[in-house]
Amino acid sequence: MQAHRVGQILRRAIHYKGNSYNGGKGVYTLIIAVRTPLRLKVGRLGSLSFPKGLYLYTGSALGPGGLGRRVDRHLRGGEHKFWHVDRLLATKGASVGLAIIAQTNRRMECRVNRSLGKFYNSHAEGFGSSDCIESCASHLLKPKTHSMAALRNNVFDVYRKTGLRPLSYSPIYRGHYM
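Note that the structure is predicted; figures quoted are calculated from it, not measured. (Residues numbered from 1 in each chain as written. Predicted model: local features only at pLDDT ≥ 70, side-chain atom pairs only at ≥ 80, totals over all residues. Heavy atoms only, no water.)

**Details of the overall build of the protein chain**
Point 1. Regarding its fold elements, the protein chain presents 5 helices and 8 strands.
Point 2. Element order for the protein chain, N to C, with α for helix and β for strand: α-β-β-β-β-α-α-β-α-β-β-α-β.
Point 3. A separation of at least 24 residues holds for 74% of the contacts in the protein chain among residues at least 6 apart in sequence. (Helix = DSSP H or I, 4+ residues; strand = E, 2+ residues; numbered from the N terminus. Contact = heavy atoms within 4.5 Å.)

Here it is in structure tokens:
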């Protein structure tokens, strides 16, 4: 499926679940698969290493366009690299395996990220957290597991425990990575 249709699919999924939230604003967690070890220059953070494996990136989409447009942007890549995660996803060695979203008007990304951080280590200090309101070390986490399904279940549990109703979209879901 082409990435440019993701926003439309997410909007339909949100509507289908009976949610009539605030124009699709909310929080999201991307499960990112890095297929080969990478070394990238990421803005002021400098040169960073990304070993092969799965990563979790949590962000918010509270502006115009909401979740559909933000997740669609991350899946497409795009020429303008505005966020740290854009640099990672612009490489051929990394892609989104699963996007988990939940609609809310509240800034929940730090709360979700901190809850996930109880299970997984931070990777690349400052990554995705330069505008963080709760001083998170990083919004990019590096789990030890290689199971996309296990990560999905853990993220869903965290979302539910924080009062969110998660939905997921997978452009390449195959159950297990590697």
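**Quick notes on the packing of aromatic side chains**
To describe a pair of aromatic rings, you give the distance between the ring centres and the angle between the ring planes.
Point 1. Inspection of the entire model under this criterion finds 3 aromatic pairs.
Point 2. Ring geometry for Y28 and Y57: centres 6.3 Å apart, planes at 50°, overall tilted. Here Y28 is found in strand β1 (residues 26-34), whereas its partner Y57 is found in strand β4 (residues 53-61), with 29 residues between them in sequence.
Point 3. Given a relative accessible area of 4%, Y57 falls into the buried group.
Point 4. Relative to Y120, the ring of F119 lies with its centre 6.2 Å away and its plane at 55°, an arrangement referred to as tilted.
Point 5. In this structure F119 comes out as exposed when scored by relative accessible area, which is 55%.
Point 6. The ring of F156 is capped by R152, whose NZ or CZ atom sits 3.8 Å from the centre of that ring. (Phe/Tyr/Trp six-rings, centres within 6.5 Å; stacked < 30°, edge-to-face > 60°. Buried < 20%, exposed > 50% of the residue type's maximum accessible area, 1.4 Å probe, protein only. Lys NZ or Arg CZ within 6 Å of the ring centre and 35° of its normal.)

**Details of helix α5 (residues 148-161)**
Point 1. If you check α5, its first and last C-alpha atoms are 20 Å apart, about what 14 residues at 1.5 Å a residue would give, namely 20 Å.
Point 2. Looking at α5, one finds that the buried residues are M148, L151, V155, F156, V158 and Y159. In an axial view of α5, the angular spread of the buried residues amounts to 160°, which keeps them on one side of the axis.
Point 3. As for α5, its buried residues are in contact with β1, β4, β5 (94-103), α4 (109-117) and β8 (167-169).
Point 4. Of the residues trailing α5, G163 is marked for its positive phi of about 85°. (Expected span 1.5 Å × (residues − 1). Arc of directions from axis to C-beta.)

**Brief notes about the pairing of strand β2 (residues 38-41)**
Point 1. Burial along β2 is one-sided: L38 and L40 are buried, and none of R39 and K41, which face the opposite way, are.
Point 2. Where β2 meets strand β3 (residues 47-50), 4 bridges bridge the pair, whose relative direction is antiparallel. For L38, the partnering residue across the bridge sits in β3 and is F50.
Point 3. In this structure, the hairpin formed by β2 and β3 is closed by a connection of 5 residues, where G43 is found at a positive phi of approximately 50°. (Pairing = 2+ DSSP bridges.)

**Notes on the confidence of the model for the protein chain**
Point 1. On average, the protein chain scores 78 in pLDDT, and the residues at 70 or more come to 77%.
Point 2. When mean pLDDT is compared element by element in the protein chain, α5 scores highest at 94, while helix α1 (residues 6-16) scores lowest at 48.
Point 3. The low-confidence segment residues 173-178 (pLDDT under 50) makes 20 contacts with residues lying over four places distant or belonging to another chain. (pLDDT = per-residue confidence, 0-100.)

**Observations concerning the sheet that holds β4**
Point 1. Pairing is antiparallel in the open sheet, where 6 strands are placed in the order β6-β7-β4-β1-β5-β8. This sheet does not close on itself; its edge strands, each paired only once, are β6 (121-122) and β8.
Point 2. Here 2 bridges tie β6 to strand β7 (residues 140-142), and the two strands are oriented antiparallel to one another. Residue pairing in the sheet places N121 in a bridge with K142 of β7.
Point 3. Set on the sheet, α5 makes contact with β1, β4, β5 and β8; between it and β5 the angle comes to about 25°. (Axes fitted to C-alpha atoms, helices over the stretch in contact; angles between N-to-C directions.)

**Topic: the pattern of salt bridges**
Point 1. On inspection of all chains with the given rule, the structure shows 1 salt bridge.
Point 2. A salt bridge links E109 to R107; the shortest N-O distance between them is 3.3 Å. (Salt bridge = Lys/Arg side-chain N within 4 Å of Asp/Glu carboxyl O.)

**Quick word on α4**
Working note: α-helix, 3.6 residues per turn, so residues spaced by three or four point in the same direction.
Point 1. Listing the buried residues of α4 in full gives E109, C110, V112, N113, S115 and L116.
Point 2. On its buried side, α4 packs onto β1, β4, β7 and α5.

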